[in-house]
Amino acid sequence: ETGVTQTPRHLVMGMTNKKSLKCEQHLGHNAMYWYKQSAKKPLELMFVYSLEERVENNSVPSRFSPECPNSSHLFLHLHTLQPEDSALYLCASSQVRDGLYEQYFGPGTRLTVT
Amino acid sequence: ILNVEQSPQSLHVQEGDSTNFTCSFPSSNFYALHWYRWETAKSPEALFVMTLNGDEKKKGRISATLNTKEGYSYLYIKGSQPEDSATYLCAFDYGQNFVFGPGTRLSVLP
């Protein structure tokens, strides 16, 4: 257990559905991240929240909408997704230590868009 | 877009063999380099954080070096064990913006 939990672990949704992924960290960290891993591609950073404010967007399509209501919770709201959005979505949190960021990852949500 | 390369893409070794793999990068304009181990069905686990002063890090049978001048980092595993089987990722830290390599998948055969 890394102290970062994600729900659900698996999700199948149609292209017209709306769903949300949830991430919770129990480590007292002040930054949280969403990553996407598609088949045979490196982990791609989607969003960063530091002190509950979005820092990086990385040109993610608007059908992905993040929300960070407090430093312990992070959501990824999904709507009108495409089949190519099927991937593993990982959440991470971090805290600065000696000027460096150490990330702790959750187990991920495996998303399939049909 | 930065291109982080890792080689080899995959590797099969016998139990007891020592092995190493490489993470290469085009420039040293980053804060730190991170190594992660990612076992199947688990979360990526942080192994090392390498700073630009080029120090070597060690944890048990695993060690890592960083050569910013030549643009690469090595991860070494001494006396590989089946439990070392995982994908090993390197990532560059640009101050909360992390760029990951594609990983090296290691399989240790008993």
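Below you will find a few notes about this structure. (Residues numbered from 1 in each chain as written. Chains lettered and ligands numbered in written order. Predicted model: local features only at pLDDT ≥ 70, side-chain atom pairs only at ≥ 80, totals over all residues. Heavy atoms only, no water.)

## Some remarks on the sheet that holds strand β3 (residues 18-25) of chain A
All names here are of chain A. Basically, it comes down to this: The pairing criterion for strands is at least two bridges between them, as found by DSSP. Secondary structure elements are taken from DSSP: a helix is a run of H or I of four residues or more, a strand is a run of E of two residues or more, and numbering for both begins at the N terminus. A fitted line through C-alpha atoms represents every axis, and for helices the fit uses only the stretch in contact; the resulting angles, taken between N-to-C directions, go from 0 to 180 degrees.
With antiparallel pairing, four strands are arranged side by side in an open sheet as β1-β3-β8-β7. The sheet is open, and its two borders are formed by β1 (4-7) and β7 (64-70), each paired with just one other strand. When strand polarity is set aside, the average angle formed by the axes of neighbouring strands in this sheet is 20°. Inspection of the sheet shows β1 paired to β3 by four bridges, in the antiparallel sense. Bridge pairing in β3 links Q6 to C23.

## Concerning the interface of chain A and chain B
Just so we agree on the cut-off: Whether two residues are in contact is decided by their heavy atoms, any of which lying within 4.5 Å being enough. Buried area: the sum, over both parts, of the accessible surface (1.4 Å probe) that disappears when the two are put together. The salt bridge criterion pairs a side-chain nitrogen of Lys or Arg with a carboxyl oxygen of Asp or Glu, the two atoms within 4 Å. Each polar contact in these results corresponds to two N or O atoms within 3.5 Å; when the atoms are within protein, one needs to be able to donate a hydrogen and the other to accept it, and residues that are neighboring in sequence are counted only if both atoms are side-chain atoms. Each residue receives one of three labels: charged for Asp, Glu, Lys and Arg, nonpolar for Ala, Val, Leu, Ile, Met, Phe, Trp, Tyr, Cys and Pro, and polar for the others, Gly being one of them.
Counting residues at the interface gives 22 residues for chain A, matched by 20 residues for chain B. Summing both partners gives a buried area of about 1600 Å² for chain A against chain B, and 63% of it is carried by carbon and sulfur. Run the count over chain A and chain B and you get zero salt bridges. Inspection of the region where chain A meets chain B yields two residue pairs in polar contact (both at pLDDT 80 or more). Mapped onto the side of chain A that touches chain B, the elements with two or more residues apiece are β4 (31-37), β5 (44-50), β9 (87-97) and β10 (100-105) of chain A. No other element matches the five residues that β10(A) contributes to the side of chain A that touches chain B. Among the residues making up the side of chain A that touches chain B, the classes are represented as 13 nonpolar, six polar and three charged.

## Considerations on the side chain of A:H73
All names here are of chain A. Tracing the backbone through its elements, the reader meets H73 in strand β8 (residues 73-79). Polar side-chain contacts of H73 include one of 3.4 Å to the side chain of E24. Side chain to side chain, H73 and N70 meet in a polar contact 2.9 Å long. Apart from the residues lying within four places of it in its own chain, the contact partners of H73 are K22, C23, E24, M32, E67 and C68.

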